[in-house]
Amino acid sequence: MQFADYIMPAFDQIINEASRMRYRSGNTFTSAGLTIRAPSGGINHGAIYHSSSPETFFTHMPGIKMVIPRGPIQAKGLLLSCIRENDPCIFFEPKILYRSAVDMVPTEDYMIPLGKAEKIQDGSDLTMVAWGTQIHVLRDVAKLAAEKYGITCDIIDLRTLNPWDMDTVANSVVKTGRLLIAHEAPYTSGFGAEIAASIQQECFGHLKAPIERVTGFDTPGIPHKFEVFYKPDRWRCIEAVRRLIMPKAIERLETSVGYI
């Protein structure tokens, strides 16, 4: 489907028919093999009708798998898993990666399990969670945070949003005490809100700072000339990192001058 922005006319059939097929028939019938691919997200010149990230619409429906890869190697393994899945899958491909991502993709058949996140960097001070293009932004942010603040970060690629791997995220947050979530979709009711609510409930006693969400803005669309400002870039993310680690920085300062 070209593009994810135009998926709405099919919404009724995807939600009311495909997602409920196996459930309502008692597993007699399935939508096995139904995988809907669509380019999503911003590309810096897509404007209103070619830049949206509507993944959260589909995470609300339990009968659908929602998948977003960060690059070619992930895309192949996840796509093969989707095609062999008993339930329908929505497979959003960040369109900016079509022109910027290069991987040595294995030629053999392989699958990456759905519903399992991947930790792509280990750290001890902060957990960063994202999917798709935003993972590459957070990698830059982690390097910048190490240079500016002397901290190390866990980076988790969620890969599958429905169902999402809460255990991997929660285990990381228990270790670091801080969580930053970044995505291109709007702030209000974006999938980051679901992650934040769940982690707040599961890890409240371990949190050392309020959870931060860095997202797109709550606008009806993305104006062409402002798209570069709409997306959560490294500078917006590093500012969120600063807010998260300020208590830690103050503690270090007080310790160094002998207040503690």
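This structure is a prediction, so every number in the text was calculated from the model and none was measured. (Residues numbered from 1 in each chain as written. Predicted model: local features only at pLDDT ≥ 70, side-chain atom pairs only at ≥ 80, totals over all residues. Heavy atoms only, no water.)

Engineer: I'm lost on the overall build of the protein in this one. Help?
Structural biologist: The helix and strand tally for the protein stands at 10 helices and nine strands. For the protein, the spread of C-alpha atoms along the principal axes amounts to about 70 × 45 × 40 Å. When each of the 260 residues of the protein is scored for burial, the buried share is 51%. For the protein, long-range pairs separated by at least 24 residues make up 81% of all intrachain contacts whose partners lie at least 6 apart in sequence. Looking at the protein as shown, the accessible area adds up to about 12,800 Å², and 57% of this sits on carbon and sulfur atoms. (Helix = DSSP H or I, 4+ residues; strand = E, 2+ residues; numbered from the N terminus. Buried < 20%, exposed > 50% of the residue type's maximum accessible area, 1.4 Å probe, protein only. Contact = heavy atoms within 4.5 Å. Areas by Shrake-Rupley, 256 points an atom, 1.4 Å probe, with all protein chains shown as cover.)

Engineer: Please explain the packing of aromatic side chains as it appears in this structure.
Structural biologist: For any two aromatic rings, the description comes down to two numbers: the centre-to-centre distance and the angle of the planes. With the rule as written, the count across this model stands at six aromatic pairs. On the basis of an interplanar angle of 85 degrees and a centroid distance of 6.3 Å, the ring pair of F58 and F92 is categorised as edge-to-face. With a gap of 34 residues between them, F58 in helix 3 (residues 55-59) and F92 in strand 3 (residues 89-94) connect regions that are remote in the sequence. With 6.0 Å between their ring centres and 75 degrees between their planes, W131 and F191 make a pair best called edge-to-face. (Phe/Tyr/Trp six-rings, centres within 6.5 Å; stacked < 30°, edge-to-face > 60°.)

Engineer: Is there a simple way to think about the nonpolar core in this case?
Structural biologist: The nonpolar side chains of a soluble globular protein tend to be buried, and buried together. Residues F58, F92, L158, V169, L179, I195 and I199 are the most contacted members of the largest nonpolar core, which totals 32 residues. At five residues, the largest contribution of residues to this core is made by helix 8 (residues 191-203). When residues no more than four places from it in sequence are discounted, the contact partners of V169 are V129, I156, L158, W164, L179 and I199. Listed in part, the 23 residues of the second largest apolar core include L126, A130, V137 and C237. (Core = buried A, V, L, I, M, F, W, Y, C linked by side-chain atoms within 4.5 Å.)

Engineer: Would you take a moment to explain the pairing of strand 6 (residues 153-157) for this structure?
Structural biologist: A regular strand carries its side chains on alternate faces of the sheet. Across the five residues of strand 6, five count as buried, placing the element largely inside the fold. The two faces of strand 6 match: C153, I155 and D157 on one face and D154 and I156 on the other face are all buried. In this sheet, strand 6 lies alongside strand 5 (residues 126-130) in parallel orientation, the contact comprising five bridges. Bridged to V129 within strand 6 is I156. You can see the chain leave strand 5, run along helix 6 (residues 134-149) and come back into strand 6, and the turn it takes is right-handed. (Pairing = 2+ DSSP bridges. Right-handed = clockwise from strand over helix to strand, strands pointing away.)

Engineer: Would you take a moment to explain a nonpolar patch on the surface for this structure?
Structural biologist: On the surface, Y6, I48 and Y49 cluster together into a nonpolar patch covering about 340 Å² of accessible area. Considering the arrangement of structural elements, one finds Y49 in the loop between strand 1 (35-40) and helix 3. The exposure class of Y49 is exposed, given its relative accessible area of 56%. (Patch = residues over 30% accessible without salt bridge, like charges linked within 9 Å, V, L, I, M, F, W, Y side chains within 5 Å. Salt bridge = Lys/Arg side-chain N within 4 Å of Asp/Glu carboxyl O.)

Engineer: How should I be thinking about the pairing of strand 3 in this particular structure?
Structural biologist: The buried fraction of strand 3 is high, at six of six residues. Neither face of strand 3 is left uncovered, since the one carrying C89, F91 and E93 and the one carrying I90, F92 and P94 both have all their residues buried. For strand 1 and strand 3, the ladder comprises six bridges, and the chain directions are parallel. Looking at strand 3, one finds that A38 is bridged to F92. Where strand 2 (residues 65-67) meets strand 3, three bridges bridge the pair, whose relative direction is parallel. Its bridge partner lying in strand 3, K65 is registered against C89. As for the winding sense of the linkage, the β-α-β connection from strand 2 through helix 4 (residues 72-83) to strand 3 is right-handed.

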